[in-house]
Amino acid sequence: MEEVIDKSLARKAYELIGSVHNVLLVGHPNPDGDCIGSTTAMRGFLTELGCNVKILVPTRIPEYLHFLYKEPILQYNPDPEGCIEKSRNTELVICMDFNKLSRIDNAAQLVEGLKVPRILIDHHLNPEAGEFDVLISKCDISSASEVAYWLMLEIMELYNNDIRSGKKQGKIMERLNMEISTSLYTGMMTDTNNFDNSVYPSTYIMASNLLSNGIDRDFIQWSIYNAYRENRVRLMGYLTGENMKIDYSLGASCMTLGSDIQQKYDFSDGDTEGMVNIPLTIKDVMISGFFTQYNDVIRVSLRSKGKYTVNGLAAKYFNGGGHPRAAGGRLYGIPFEKVEEYFFNSLREYISQMTTE
Ligand code: 5GP
Ligand code: MN
């Protein structure tokens, strides 16, 4: 297989990392398995290289991901001042699983305030190249965790060569340890929706290597997919049974989770992870939209299958973006009762423009 990560980029990243001690890893809002998997793995890896590492995410980490870390993770909201104080000594920022600083909302202020080099490790289209000193970004790869995995192997080789030649003091790194491997596998597994999409030859090689490293695959699988609360399964019954609307003329489905239903089912972040995919199991549903009501914003999740893509739709109508078949965004100023109508109308317009272009 040809190399996944360009060796000269890996060297640049290695040299930057070797020139500092305090590193800040930054993830995206509403952190998912890939965001937490890739950052916790990178924290473990850089710690082995002798760095002092903190992780910062803009918003709360759902409970189902807490098994991935023991050391605390900084959460920018609602404590921006505290996070700025704790990350004051940062000498290098590594952004993971997002492609531009505007994606992390007000946490961008913290990153921009730090006048230090930045590395991007990501797998989204069109990264904002001007914002980063080293850009390690590939789209034909399952996840940021997979990008991180291949980068770590390159860096390990450079590091071990430096030890062997006496350029650096320390011990040869034989393999990625269990915590790092578990985080990387989890990030890849969740971003591929359990090996359902965005799976490439390199993805299976990574999975196979991590299994050989001795990770407990059953434990990871169980922790992510078999450890929900009862309310989540009941909520799924409501959403698919009573709430889901399908417009077969568009080949699209819409589910809306308002605050009244959230209360009824004792909803918390993470409970709806993966639910947007369910309507796509219906033969003629090609696009699925999922809308969650928050205080002043509606969170949008979009998925598609076959030849249909949704990242353009997310950018044009939902203030967002993402991958071709998994995208998201946010809506402001639209009453929640109107969101379904807005979704189907936007999609109708989007499809008609696509066919006339
Ligand atoms: P999810 O539906 O799982 O929240 O998000 C799916 C994908 O859409 C994410 O991996 C991310 O790439 C993208 N995405 C979600 N929310 C936003 C957003 O607010 N802005 C942008 N640019 N992308 C988003
Ligand atoms: Mn990702």
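Please read these numbers as outputs of a predicted model, since none were measured by experiment.

For the rest of this paragraph, the subject is the pattern of salt bridges. In this structure the tally under the stated criterion is 10 salt bridges. Two residues, R348 and D247, come together in a salt bridge whose shortest N-O distance is 3.2 Å. With R348 in helix α12 (residues 339–356) and D247 in strand β7 (residues 245–247), this residue pair connects regions lying 101 residues apart in the sequence. Relative accessible area serves as the criterion here: at 15%, D247 is assigned to the buried category.

Looking now at the side chain of S304. Mapped onto the secondary structure, S304 falls in strand β10 (residues 298–304). Using a relative accessible area of 6% as the deciding quantity, one classes S304 as buried. At a separation of 2.7 Å, a polar atom in the side chain of S304 contacts the main-chain carbonyl oxygen of Y308. Sequence-distant contacts of S304, that is, excluding residues within four places in its chain, are made with L280, M286, I287, T309, V310, P324 and R325.

One open sheet accounts for 6 strands, arranged β7-β8-β9-β10-β12-β11; its pairing is mixed. The open sheet has two edge strands, β7 and β11 (321–322), and neither has a second partner. Note that β10 and strand β12 (residues 326–331) share 6 bridges and pair antiparallel. Note on β12: the bridge partner recorded for I298 is L331. Sheet contacts for helix α9 (residues 230–243): β7, β8 (252–257) and β9 (287–293); angle to β8, the most-contacted strand, approximately 130°.

Inspection of the sheet shows strand β1 (residues 22–26) paired to strand β2 (residues 52–57) by 5 bridges, in the parallel sense. Residue pairing across strands places V23 opposite V53, the latter belonging to β2. The β-α-β motif built from β1, the intervening helix α2 (residues 33–48) and the parallel element β2 has right-handed crossover chirality. Sheet topology places β2 next to strand β3 (residues 74–75); 2 bridges connect them, and they run parallel. When the sheet's bridge partners are listed, V57 is paired in β3 with Q75.

Per the counting criterion, the structure on display carries 11 aromatic pairs. Ring centres of Y149 and W150 lie 4.9 Å apart, and the angle between their planes is 75°; this geometry places the pair in the edge-to-face category. The exposure class assigned to Y149 is buried, which follows from its relative accessible area of 3%. Their ring planes at 15° and their centres at 5.9 Å tell us that F195 and Y204 sit as a pair that is stacked. On the basis of relative accessibility, which here comes to 24%, the residue F195 falls in the partly exposed class. One aromatic cluster is present, formed by F291, F318, Y342, F343 and F344 through successive ring pairs.

Right, let's get into the domain arrangement of the protein chain. Along its sequence, the protein chain is carved into domain 1 (7–223) and domain 2 (231–356). Taking only C-alpha atoms, the centre of domain 1 and the centre of domain 2 are 29 Å apart. Domain 1 puts 10 residues into the contact, and the matching count from domain 2 is 10 residues. Buried area between domain 1 and domain 2, summed over both chains or domains, comes out near 850 Å², and the portion from carbon and sulfur atoms is 43%. Looking at the side of domain 1 facing domain 2, the largest losses of area belong to N30, R60 and Y64, adding up to 40% of the total buried there. Across the salt bridge formed by R330 and D105, the nearest N and O atoms sit 2.8 Å from each other. Where domain 1 meets domain 2, there are 3 residue pairs in polar contact (both at pLDDT 80 or more). Broken down by class, the residue content of the side of domain 1 that touches domain 2 amounts to 3 nonpolar, 4 polar and 3 charged.

With respect to the element layout, A314 can be found in helix α11 (residues 311–317). What makes A314 buried here is its relative accessible area of 0%. Distance from A314 to V300, taken between C-alpha atoms, is 8.3 Å for residues 14 residues apart in sequence. Dropping the residues within four chain positions of it, A314 is found in contact with L302, N319, G320, G321, A327 and G328.

Here we come to the coordination of the manganese ion (ligand 2). Distances from the manganese ion (ligand 2) to its protein donors, D34 (OD), D97 (OD), H123 (NE2) and D191 (OD), fall at 2.2 to 2.4 Å. If you list the donors of the manganese ion (ligand 2) from N- to C-terminus, the spacing comes out as D-x62-D-x25-H-x67-D. Separated by 157 residues along the polypeptide, D34 in helix α2 and D191 in helix α6 (residues 178–191) bring together distant segments of the chain. An identical accessibility class is assigned to D34 and D191; each is buried.

For N243, the position within the fold is in helix α9. Measuring from C-alpha to C-alpha, the distance between N243 and M255 comes to 6.0 Å, with 12 residues separating the pair along the chain. Ignoring sequence-local partners within four residues, the contact set of N243 consists of Y238, C254, M255 and T256.

Each value, and the rule that gives it
- Residues numbered from 1 in each chain as written.
- Chains lettered and ligands numbered in written order.
- Predicted model: local features only at pLDDT ≥ 70, side-chain atom pairs only at ≥ 80, totals over all residues.
- Heavy atoms only, no water.
- Salt bridge = Lys/Arg side-chain N within 4 Å of Asp/Glu carboxyl O.
- Helix = DSSP H or I, 4+ residues; strand = E, 2+ residues; numbered from the N terminus.
- Buried < 20%, exposed > 50% of the residue type's maximum accessible area, 1.4 Å probe, protein only.
- Polar contact = N/O pair within 3.5 Å; in protein donor to acceptor, adjacent residues only side chain to side chain.
- Contact = heavy atoms within 4.5 Å.
- Pairing = 2+ DSSP bridges.
- Axes fitted to C-alpha atoms, helices over the stretch in contact; angles between N-to-C directions.
- Right-handed = clockwise from strand over helix to strand, strands pointing away.
- Phe/Tyr/Trp six-rings, centres within 6.5 Å; stacked < 30°, edge-to-face > 60°.
- Domains from an automatic or database assignment.
- Buried area = accessible area lost by both parts, 1.4 Å probe.
- Nonpolar A, V, L, I, M, F, W, Y, C, P; charged D, E, K, R; others polar.
- Donors = N, O, S within 2.8 Å, 3.2 Å for Na, K, Ca; no water.

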